[in-house]
Amino acid sequence: MTPMSVRTPDTDENTAPHRAGFACFVGRPNAGKSTLTNALVGQKVAITSNRPQTTRHTVRGIVHRPDAQLILVDTPGLHKPRTLLGERLNDIVRTTWAEVDVIGFCLPADQKLGPGDRFIAKELAEIRKTPKVAIVTKTDLVDSKTLAEQLIAIDQLGRELGIEWAEIVPVSAVGDKQVQLVADLLIPLLPESPPLYPEGDLTDEPEMVMVAELIREAALEGVRDELPHSIAVVVEEMLPRENRPADRPLLDIHANVYIERPSQKGIIIGPKGSRLKEVGMKSRKHIEALLGTPVFLDLHVKVAKDWQRDPKQLRKLGF
Ligand SMILES: Nc1nc2c(ncn2[C@@H]2O[C@H](COP(=O)(O)OP(=O)(O)OP(=O)(O)O)[C@@H](O)[C@H]2O)c(=O)[nH]1
């Protein structure tokens with residue numbers, strides 16, 4: 001029998017320098033940014049919902065590879081600001097764009113390019129230095145002809161606005177198509193650098209903020225159209241319950257759900273508190289999975305009058 005060679009060939013893989021850096025996904029609300037972040041990181045870190053503008057905090061998910069570390073910064077969707085909160089969110093987005101190493105512009109395959117996409121693309125064109133990758137999301141929702149047309153439209157949009165796409169890549173995060181390819185294309189655009197985070201870290205978002213987001217996600221489910229933007233959640237305290245046996249720990253979490261007007265209280269709490277109870281049960285399950293410990297969750301609903309328009313309230317709520 002001929003012996004098989006076991007020598008590792010001297011490929012690029014062995015000689016390629018380690019890369020590490022930051023990428024952010026931008027795109028209009030509901031473009032699929034959070035879902036793609038989760039698919040890339042392989043664990044639920046960003047918050048998804050079928051309601052627009054649910055991602056308020058910059059959540060980082062980290063893709064670890066032997067040769068690279070891709071740190072994903074998930075920003076809120078850029079949109080026409082109507083309130084002070086809207087303006088703050090847009091500022092956060094622009095600052096993030098200028099700081100990251102690469103921007104992934106997410107455009108859903110199932111919707112023709114519209115004024116919302118153009119608005120963002122124009123802003124993107126202003127950020128000259130950062131390389132931009134166009135990512136066509138939700139490809140599972142369209143046939144190949146529609147996808148091809150979308151790819152051409154994006155290419156044309158780039159030409160028109162003077163954006164040179166580093167890549168244009170179609171992906172389906174839900175259908176698990178080409179998710180790894182997105183990482184493969186983003187990584188070469190990162191600077192040479194040793195790893196920036198310890199291996200195994202998935203996010204550096206403070207736990208309390210992630211817990212608050214999980215509660216907010218549960219509170220958003222099934223509420224009527226105008227309410228989502230009126231909800232903010234602040235975790236006041238997270239403390240291990242005292243005098244518990246070592247093998248049966250319990251974490252006490254106290255959180256406030258803020259709404260804008262007293263009239264919204266009923267919607268959140270539900271008949272005889274049934275809705276709030278459900279929100280508590282649902283989010284507790286996710287929190288326990290996230291933190292790996294049993295949790296006692298204490299939720300209170302509070303009115304912070306017109307918090308979206310009040311700078312003092314916004315600061316208190318973490319914006
Ligand atoms: N069919 C399909 N649906 C997707 C895909 N990716 C995202 N979605 C859905 O699109 C909706 C919006 O996705 P998100 O990931 O929350 O979008 P986002 O861009 O983060 O939204 P904001 O946080 O509002 O900016 C959700 O209902 C997702 O389930 C995909 O690849 N295929």
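To be clear, the structure that these remarks concern was listed above.
Residues numbered from 1 in each chain as written. Predicted model: local features only at pLDDT ≥ 70, side-chain atom pairs only at ≥ 80, totals over all residues. Heavy atoms only, no water.

Peer 1: Looking at this structure, I do not really get the overall build of the protein chain. What am I missing?
Peer 2: On a plain count of helices and strands, the protein chain comes out with 10 helices and nine strands. By residue count, 47% of the 319 residues in the protein chain fall in the buried class. In the protein chain, once contacts between residues fewer than 6 apart in sequence are set aside, the share between residues at least 24 apart is 71%. Total accessible area on the protein chain is roughly 16800 Å²; 52% of this is exposed by carbon and sulfur atoms. (Helix = DSSP H or I, 4+ residues; strand = E, 2+ residues; numbered from the N terminus. Buried < 20%, exposed > 50% of the residue type's maximum accessible area, 1.4 Å probe, protein only. Contact = heavy atoms within 4.5 Å. Areas by Shrake-Rupley, 256 points an atom, 1.4 Å probe, with all protein chains shown as cover.)

Peer 1: How do you make sense of the side chain of Thr139 when you look at a structure like this?
Peer 2: Along the chain, Thr139 turns up in the loop between β5 (132-137) and α5 (144-161). Among the residues examined, Thr139 registers a relative accessible area of 15% and is labelled buried. Here Thr139 is in contact with Ala109, Leu147, Pro170, Val171 and Ser172, once residues within four sequence places are set aside.

Peer 1: Would you explain the sheet that holds strand β7 (residues 232-240) in this entry?
Peer 2: Each strand in a sheet pairs with its neighbour through backbone hydrogen bonds, running either in the same direction (parallel) or in the opposite one (antiparallel). The strand order across the open sheet formed by three strands is β7-β8-β9, and the pairing between neighbours is mixed. Looking along the sheet, the strands with just one partner apiece sit at the ends: β7 and β9 (295-303). Averaged over all adjacent pairs, the angle separating strand axes in this sheet is 15°, with direction ignored. In the packing of helix α7 (residues 207-220) onto the sheet, contacts are made with β7, β8 (251-259) and β9, and the angle to β7 comes to roughly 125°. The sheet contacts of helix α9 (residues 274-291) involve β7, β8 and β9, and relative to β9 the element is tilted by about 135°. (Pairing = 2+ DSSP bridges. Axes fitted to C-alpha atoms, helices over the stretch in contact; angles between N-to-C directions.)

Peer 1: Sorry, what's going on with the packing of aromatic side chains here?
Peer 2: The description of two aromatic rings rests on the distance between their centres and on the angle between their planes. Applying the stated criterion to the full structure yields one aromatic pair. Of note, Arg241 hangs over the ring of Phe296, and the distance from its end group to the ring centre comes to 5.5 Å. (Phe/Tyr/Trp six-rings, centres within 6.5 Å; stacked < 30°, edge-to-face > 60°. Lys NZ or Arg CZ within 6 Å of the ring centre and 35° of its normal.)

Peer 1: Sorry if this is basic, but what is going on with the pattern of salt bridges here?
Peer 2: Opposite charge on two side chains makes pairing possible when the charged atoms of those side chains draw close. Across all of its chains, the model carries nine salt bridges by this definition. Two residues, Lys282 and Glu221, come together in a salt bridge whose shortest N-O distance is 2.8 Å. Remark: Glu221 occurs in the loop between α7 and β7 and Lys282 occurs in helix α9; sequence separation between them is 61 residues. With a relative accessible area of 34%, Lys282 lands in the partly exposed category. A residue is classified by how much of its surface remains accessible, and Glu221, at 44% relative accessible area, is partly exposed. (Salt bridge = Lys/Arg side-chain N within 4 Å of Asp/Glu carboxyl O.)

Peer 1: What am I meant to see in the environment of Gly61 here?
Peer 2: Of note, Gly61 is situated in strand β2 (residues 59-65). For Gly61 and Ala23, which are 38 residues apart along the polypeptide, the C-alpha to C-alpha distance reads 9.9 Å.

Geometric values such as these leave the question of function open.
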